[in-house]
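Understanding the architecture of this molecule
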Amino acid sequence: MKYQKFKKMDNKKYLEVTRFLKTTTHLTAREWVIAHLCAGFKDNSNRSEMTWIGANLKELVPFMDKDYTRQEVSNARSTFKKKVQRSGTTFFYAYYAGLISQEEMITMIHKIVKDLKKLIETEGEDVPTEHATEVQMLVADVLRKINEAMEEEYF
C-alpha cells in the first residue's frame, strides 16, 4: 500500500525530508506529502479522500511518523496552497516592483527550472528535456498576463 512517489525517500526521516525541501521550497514534508496524496486519491466526486489519506498516512509514506485526522490533512493542504500563492506573489512582486532586473528574473527562472527537475526526479519521475522549455514559456505567458491585468487596473 506504499505510495510510490516517495520511494527515493524510503530511508529518510521526516526532518531530513523537510530539510531537503527547504533547500528549494518553503514546504515542509507534511505539506508536500499531503498535496501529492490529495491530488492522487480522489473519490467519485473528484474530492480528495482526506479521511482515508490521514488514516493511512504512515503506511503510504514511510517517513511520516503518525497518521492524521481529516482536519489535519485539510489544514496541511490549505497551508500548501497558501504557501504556493505567497511564493508566487513574492516572486512576481519582486520583478514588477523593480526590485530585480529582467536579467535577474531570467537567471532565477533558469535556477527554478533546475530545482523543479531535482524535485521531480526525487519523486521518481522523469523530466523530459523539452519540459524545461515549456516551464519557461509558461512563466513568460504568466508574466504577459500579469502585465495585461495590471494595465487594465491602472487605466
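Higher on the page you've got the structure.
A few words on the layout of surface pockets. Approximately 1,200 Å³ is the volume found for the largest pocket. Lining the largest pocket are 34 residues, with Thr 24, Thr 25, Ser 87, Ile 112 and Leu 116 sitting closest to its centre. Among the elements of the structure, α2 (29-40), α5 (70-96), α6 (102-122) and α7 (129-154) are those that each provide at least two residues to the lining of the largest pocket. Broken down by element, the residue count for the lining of the largest pocket peaks at 10 residues, all from α6. Considered class by class, the residues forming the lining of the largest pocket number 21 nonpolar, 8 polar and 5 charged.

Before going further, it helps to spend a moment on unusual backbone geometry. Here the phi dihedral of Asn 46 falls at roughly 65°; this positive angle occurs in a residue that is not glycine. With respect to the element layout, Asn 46 can be found in the loop between α2 and α3 (50-55).

A few words now on the packing of aromatic side chains. One pass over the structure, following the stated rule, counts 5 aromatic pairs. For the ring pair Phe 41 and Trp 52, a centre distance of 4.9 Å and an interplane angle of 45° mean the geometry is tilted. In this pair, Phe 41 sits in the loop between α2 and α3 while Trp 52 sits in helix α3, placing the two residues 11 residues apart along the sequence. The class for Trp 52 is partly exposed, based on a relative accessible area of 31%. Here the aromatic rings of Phe 91 and Phe 92 are separated by 4.9 Å at their centres, their planes lie at 70°, and the arrangement is edge-to-face. A relative accessible area of 18% means that Phe 92 is categorised as buried. Every member of this aromatic cluster is reached through a ring pair, and the members are Phe 6, Trp 32 and Phe 63.

Now for the nonpolar core. Ranked by size, the top nonpolar core spans 22 residues in total, and within it Val 33, Ile 34, Leu 37, Val 61 and Phe 63 carry the most contacts. Broken down by secondary-structure element, the contributors of at least two residues to this core are α1 (14-22), α2, α3, α4 (57-60) and α5. When neighbours within four sequence positions are excluded, Phe 63 is seen to be in contact with Phe 6, Met 9, Lys 12, Lys 13, Tyr 14, Val 17, Ala 29, Trp 32 and Val 33. Judged by nonpolar contacts, the second largest core, of 11 residues, contains Phe 91, Val 135, Val 139 and Leu 143.

Bringing the pattern of salt bridges into the picture now. Applying the stated criterion to the full structure yields 6 salt bridges. Among the salt bridges present, the one from Glu 31 reaches Lys 83, with a minimum N-O distance of 2.9 Å. Highlighted residues: Glu 31 in helix α2 and Lys 83 in helix α5, separated in sequence by 52 residues. Comparing Glu 31 with Lys 83, the two get one shared label, buried. One salt bridge in this structure joins Arg 144 and Asp 141, with 2.3 Å as the shortest N-O distance. Of the two residues, Arg 144 and Asp 141 both sit in helix α7, 3 residues apart, roughly one turn of that helix.

Attention shifts here to a nonpolar patch on the surface. On the surface, a cluster of nonpolar side chains totalling about 210 Å² of accessible area is made up of Met 108, Ile 112 and Leu 116. Residue classification places Leu 116 among the partly exposed positions, given a relative accessible area of 34%.

Examined against the element boundaries, Thr 18 turns out to sit in helix α1. Ignoring sequence-local partners within four residues, the contact set of Thr 18 consists of Leu 27, Thr 28 and Ala 29.

Cut-offs applied
- Residues numbered from 1 in each chain as written.
- Predicted model: local features only at pLDDT ≥ 70, side-chain atom pairs only at ≥ 80, totals over all residues.
- Heavy atoms only, no water.
- 1 Å grid on protein atoms, 1.4 Å probe; cavity = no way out; pocket = protein on both sides within 12 Å on 5 of 7 lines; lining within 4 Å.
- Points joined across faces, edges and corners; volume = space filled by probe spheres on them.
- Helix = DSSP H or I, 4+ residues; strand = E, 2+ residues; numbered from the N terminus.
- Nonpolar A, V, L, I, M, F, W, Y, C, P; charged D, E, K, R; others polar.
- Phe/Tyr/Trp six-rings, centres within 6.5 Å; stacked < 30°, edge-to-face > 60°.
- Buried < 20%, exposed > 50% of the residue type's maximum accessible area, 1.4 Å probe, protein only.
- Core = buried A, V, L, I, M, F, W, Y, C linked by side-chain atoms within 4.5 Å.
- Contact = heavy atoms within 4.5 Å.
- Salt bridge = Lys/Arg side-chain N within 4 Å of Asp/Glu carboxyl O.
- Patch = residues over 30% accessible without salt bridge, like charges linked within 9 Å, V, L, I, M, F, W, Y side chains within 5 Å.
- Areas by Shrake-Rupley, 256 points an atom, 1.4 Å probe, with all protein chains shown as cover.

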